[in-house]
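# Structural characterization, general
One-letter residues, chain by chain:
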Amino acid sequence: MAEVTMTVNGRQVSRDVEARTLLVQFLREHLQMTGTHVGCDTSQCGACVVHVDGKSVKSCTMLAVQADGSAVTTIEGLASGDTLHPMQAAFNEHHALQCGFCTPGMVMSAVDLLQKNPSPSETEIRDWLEGNICRCTGYHNIIKAIRHAAGSAA
Amino acid sequence: MYDFGYHQPSSLSEADAALNSASDPLLMAGGQTLIPTLKFRLARASDVVDLCGIDELKGIREEGNAVVIGAMTTHCEVAESDLVASRIPALASLARGIGDPQVRHRGTIGGSIANNDPAADYPAGCLGLGATIRTSKRQIAADDFFGDTFDTALEDGEIVTAISFPLPEKAAYAKFPNPASRYAIVGVMVAKTGAGVRVAVTGAGHGVFRDEAIELALNESFSVDAVDASGVDEEDLNSDIHASAEYRKHLIGVMAKRAVAKANS
């Protein structure tokens, strides 16, 4: 067991974990923060995307010990109180979800895209979402929501 | 995933010490292949030695007529590097096409070539551009580094430290990706260098290889029309649910033409 300390959504947390504990297990099972989902377990689907030190990563493909000392942001950390993050509000407004399972990863991935590229084209959005899979195939409204959040929609 | 001892050395000598003190260690770079492999118990280790804390393995710099990329440099860093974009745009473009953005944020060039997946992009980049692989023990030409599937010239405990890419006159990479994984069904790096044309193919065979027939043709004339069929034997190519050997052989020619067109544009 090793002690890991990280900042999760602005709050410092420390826990003893096994080396094999994945970051997503740490979030869901040790911190009981179940907003981050596990979809495929094979690094393909992107339901588990969180930000580590400002960059989107697949938390099922990173060890908790590797995030020691890092700042982690999850879907639970986006809203301020009752005010949704603009990306969450855009997903809501444009019905960018059906079953909602992929949504946390989609939103976290989209937020990272706009950090890097504030006005992405539709093609750039589709390319960026390469690592996020929606089994309901709700991609059109997801793209629409991200374009609106970026203020790039006509 | 079975549990293991975890080590995060901050220097190569500490990494050596960690490797030497463990009974059955594995080195981890970005972990984007290794962690899934451990999760599915396709591999296990007494100890994982994570190279992420070794600063001397990171960064991109110019040395004479070469771009040198530290082994722990991520695909995203190579894709976004102004130096790589200006000196070897083909390499930036190759890095931009690996996996997806989240994988590119963690995955590294050193991990990719040490793993030598037969459908990975970087082996074609290294072999096509005639790179030299620097390790903790020696320097190895890409021509001598890559073996068959998942096999390399690396010895136990030998750590890739950097890859040195000589500047080509022109080069480009074209890939026909698997639509699900983004690994190459066939990927071809074509480079025109002072020592002739090099054509490296990934995805098609049991490991990356050079296509001598296309190299000969392009040495005569570096043009799209010069590229005829690949010279490799279909017997040596992969045939699976994604593509037959015949189809892959055809794709080598098509991707080589696309790469030449891109290099000449």
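### Points about the overall build of chain A
- Summing up its helical and strand segments, chain A has five helices and five strands in all.
- In terms of C-alpha radius of gyration, chain A reaches 15 Å, essentially the compact-globule figure of 15 Å for 154 residues.
- For chain A, the C-alpha atoms occupy an extent of roughly 50 × 30 × 25 Å along the three principal directions.
- Looking at chain A alone, contacts between residues at least 24 apart form 60% of all its contacts between residues at least 6 apart.

### Quick look at the interface of chain B and chain A
- Facing the 21 residues of chain B at the interface are 20 residues of chain A.
- For the side of chain B that touches chain A, the secondary structure elements donating two or more residues are strand E1 (5-7), helix H2 (34-39), strand E3 (47-50) and helix H6 (101-106) of chain B.
- Looking at the side of chain B that touches chain A element by element, the count peaks at five residues for H6 of chain B.
- Taken together, the residues of the side of chain B that touches chain A sort by class into nine nonpolar, six polar and six charged.

### Re the sheet that holds strand E7 (residues 139-141) of chain B
All names here are of chain B.
- One open sheet accounts for five strands, arranged E4-E5-E8-E6-E7; its pairing is antiparallel. A strand with exactly one partner marks an edge of an open sheet, and here the two such strands are strand E4 (60-63) and E7. Geometrically, the sheet is characterised by an average inter-axis angle of 25° between neighbouring strands, direction not taken into account.
- Of the pairings in the sheet, the one linking strand E6 (residues 132-135) to E7 comprises three bridges and is antiparallel in character. Paired with Thr132 across the two strands is Ala141, which belongs to E7.

### Considerations on the nonpolar core
- Among the nonpolar cores identified, the biggest contains 130 residues, and Val186, Val188, Met189, Val190, Val201, Ala256 and Ala259 of chain B are the most heavily contacted of them.
- Apart from the residues within four sequence positions on either side, Val188 of chain B is in contact with Ala124, Ala174, Val199, Val201, Ile252, Met255, Ala256 and Ala259 of chain B.

### Details of the domain arrangement of chain B
All names here are of chain B.
- If you check the domain split of chain B, you get domain 1 (5-49) and domain 2 (58-264).
- With centres defined by C-alpha atoms, the gap from domain 1 to domain 2 works out at 26 Å.
- With ten residues of domain 1 in contact, the opposing surface of domain 2 contributes 15 residues.
- Per element, the largest residue contribution to the side of domain 1 that touches domain 2 is four residues, and it comes from helix H1 (residues 12-21).
- Each residue belonging to the side of domain 1 that touches domain 2 can be placed in one class, and the counts come to five nonpolar, four polar and one charged.

### Quick word on the pairing of strand E9 (residues 170-177) of chain B
Residues and elements named next belong to chain B.
- Most of E9 sits out of view: six of its eight residues are buried.
- For E9 and strand E10 (residues 184-193), the ladder comprises eight bridges, and the chain directions are antiparallel. Residue pairing in the sheet places Ala174 in a bridge with Val188 of E10.
- Hairpin remark: E9 followed by E10, antiparallel, with six residues in the connecting loop; positive phi at Arg182, about 70°.

### Section: the packing of helix H2 (residues 86-93) of chain A against helix H3 (residues 103-116) of chain A
Residue and element names in this part refer to chain A.
- Two elements in contact, H2 and H3, have axes whose closest approach is 10 Å; the angle formed by their N-to-C orientations is 130°. Relative to H3, H2 is oriented oblique. Note on packing geometry: the crossing formed by H2 with H3 is right-handed. Judged by residue contacts, Met87, Gln88 and Phe91 of H2 engage Thr103, Val107, Ala110 and Val111 from H3.
- Of the residues contributing to the contact of H2 with H3, the split by class is five nonpolar, two polar and no charged.

### Quick look at the domain arrangement of chain A
Residues and elements named next belong to chain A.
- Here chain A is partitioned into domain 1 (2-76) and domain 2 (86-149).
- Each partner contributes to the interface: domain 1 provides 15 residues, whereas domain 2 provides eleven residues.
- Of all the elements, strand E3 (residues 49-52) adds the most residues to the side of domain 1 that touches domain 2, at three residues.
- By residue class, the composition of the side of domain 1 that touches domain 2 is six nonpolar, eight polar and one charged.

Criteria and thresholds
Residues numbered from 1 in each chain as written. Chains lettered and ligands numbered in written order. Predicted model: local features only at pLDDT ≥ 70, side-chain atom pairs only at ≥ 80, totals over all residues. Helix = DSSP H or I, 4+ residues; strand = E, 2+ residues; numbered from the N terminus. Rg over C-alpha atoms; globule rule 2.2 N^0.38 Å. Contact = placed C-beta atoms within 7 Å. Nonpolar A, V, L, I, M, F, W, Y, C, P; charged D, E, K, R; others polar. Pairing = 2+ DSSP bridges. Axes fitted to C-alpha atoms, helices over the stretch in contact; angles between N-to-C directions. Core = buried A, V, L, I, M, F, W, Y, C linked by C-beta atoms within 7 Å. Buried ≥ 20, exposed ≤ 12 C-beta atoms within 10 Å, placed from the backbone. Domains from an automatic or database assignment. Parallel < 35°, antiparallel > 145°, perpendicular 65-115°, else oblique. Left-handed = near helix turned anticlockwise from the far one by under 90°.

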